[in-house]
Amino acid sequence: MAFLDFPANLPENRTPRAVIFGAGHGSTYPGKDSSGYAGAADAIRAASQEDASLVDNWDFDLGGPLFDGKPACCTDIGNVVTLMHDNAGNRARIEAQTRSILALPSVPILLGGDDSLPIPFLAAFSDQAPVWVLQIDAHIDWRDEVDGERYGYSNPMRRISEMSHVAGMVQVGLRAVGSAGNSEIEAARRYGSHFVTARDIHAKGASAALKHIPEGARCAVTLDCDGLDPAVMPGVAARTPGGLTYTQVIDLIAGLGRQATIAGFDLVEFYPPNDINGLTALTASRLVVNAIGAIVRQ
């Protein structure tokens, strides 16, 4: 099953605008069980099937059909093989797949999966400098290590900040507590990360975040499902009230597409065992549709 029934290849040797792939595991902490993440990508694909026959219909999120009157231009190449606790191997395979998509050149869209996936995903952009990063998340994910592991779920933005090709980052949707002691906050501020809380977005809209991203920049989006309110996306490991709405997030995506170039997009931290009536999978599917629509229009 493919996202929106997209093909694995386009005819006539056409290069796709975007290539979708999935991954379940990145770097799992010692003694932890991340098996619940393994089915995330396929759950999103299943939720997309309701709209698979409607890609030529008017989409009110996008102000027109998905592909904006152009021929179908995206592919879904399936899932990278990942194994729980094969941390280095998982990172290598995810990075290699992302690099192969960027080389086409196309925009990689990663469906996941645990929240360590952005590390190898962003590592693959090392030949694309400079790249900005827009993170949508309840947490800043800036811990240096947990139980000896430096590439796990609480470490992504710390590791990404160390990548020389990353020019800057904006962290949006922050609220409550978690993965951010005083030392992590201070480290992120020293780096120059721009914090935009959920309350900032509720009060000022998407512009509160987008104002920090330079016009015309190349930007990768990493979207942690817990960045949205659990009323919209309950299928996460750590539900935190007060999150972003669906409309606020698609406004961020569309605004970024108009202001900058979306160079990559990952959606992570979807934990299917905690989903309710498929709501998270459906919302995730619609967010990916909006990302594709923004990419096609830029």
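Definitions and cut-offs
- Residues numbered from 1 in each chain as written.
- Predicted model: local features only at pLDDT ≥ 70, side-chain atom pairs only at ≥ 80, totals over all residues.
- Heavy atoms only, no water.
- Phe/Tyr/Trp six-rings, centres within 6.5 Å; stacked < 30°, edge-to-face > 60°.
- Helix = DSSP H or I, 4+ residues; strand = E, 2+ residues; numbered from the N terminus.
- Buried < 20%, exposed > 50% of the residue type's maximum accessible area, 1.4 Å probe, protein only.

### Points about the packing of aromatic side chains
Link 1 in the chain: Inspection of every chain in the model, using the stated rule, returns 7 aromatic pairs.
Link 2 in the chain: Ring plane angle 50° and centroid distance 6.3 Å describe the contact between Tyr37 and Tyr153, whose orientation is recorded as tilted. Of the two residues, Tyr37 sits in the loop between strand 1 (18-23) and helix 1 (40-48) while Tyr153 sits in the loop between strand 4 (131-136) and helix 4 (156-161), which places them 116 residues apart along the sequence.
Link 3 in the chain: Ring plane angle 50° and centroid distance 5.8 Å describe the contact between Trp142 and Tyr191, whose orientation is recorded as tilted. Placement of the pair is Trp142 in the loop between strand 4 and helix 4 and Tyr191 in helix 5 (residues 182-191), with a sequence separation of 49 residues.
Link 4 in the chain: For Tyr191, a relative accessible area of 28% gives the class partly exposed.
Link 5 in the chain: Ring-pair connections join several aromatic residues into one group, and the members of that group are Tyr29, Tyr37, Tyr153 and Tyr271.

### Things to note about unusual backbone geometry
Outside of glycine, negative phi angles account for most residues, and trans bonds account for most peptide bonds.
Link 1 in the chain: The peptide bond linking Leu104 to Pro105 adopts the cis configuration, its omega dihedral lying at 0°.
Link 2 in the chain: As for its placement among the helices and strands, Pro105 is situated in the loop between helix 2 (87-102) and strand 3 (107-112).
Link 3 in the chain: The omega torsion across Ala129 and Pro130 is -5°, close enough to zero to call that bond cis.
Link 4 in the chain: With respect to the element layout, Pro130 can be found in the loop between helix 3 (118-123) and strand 4.
Link 5 in the chain: Not every positive phi belongs to a glycine, and Glu269 is a case in point at roughly 65°.
Link 6 in the chain: Among the structural elements, Glu269 can be located in the loop between strand 8 (261-268) and helix 9 (279-297).

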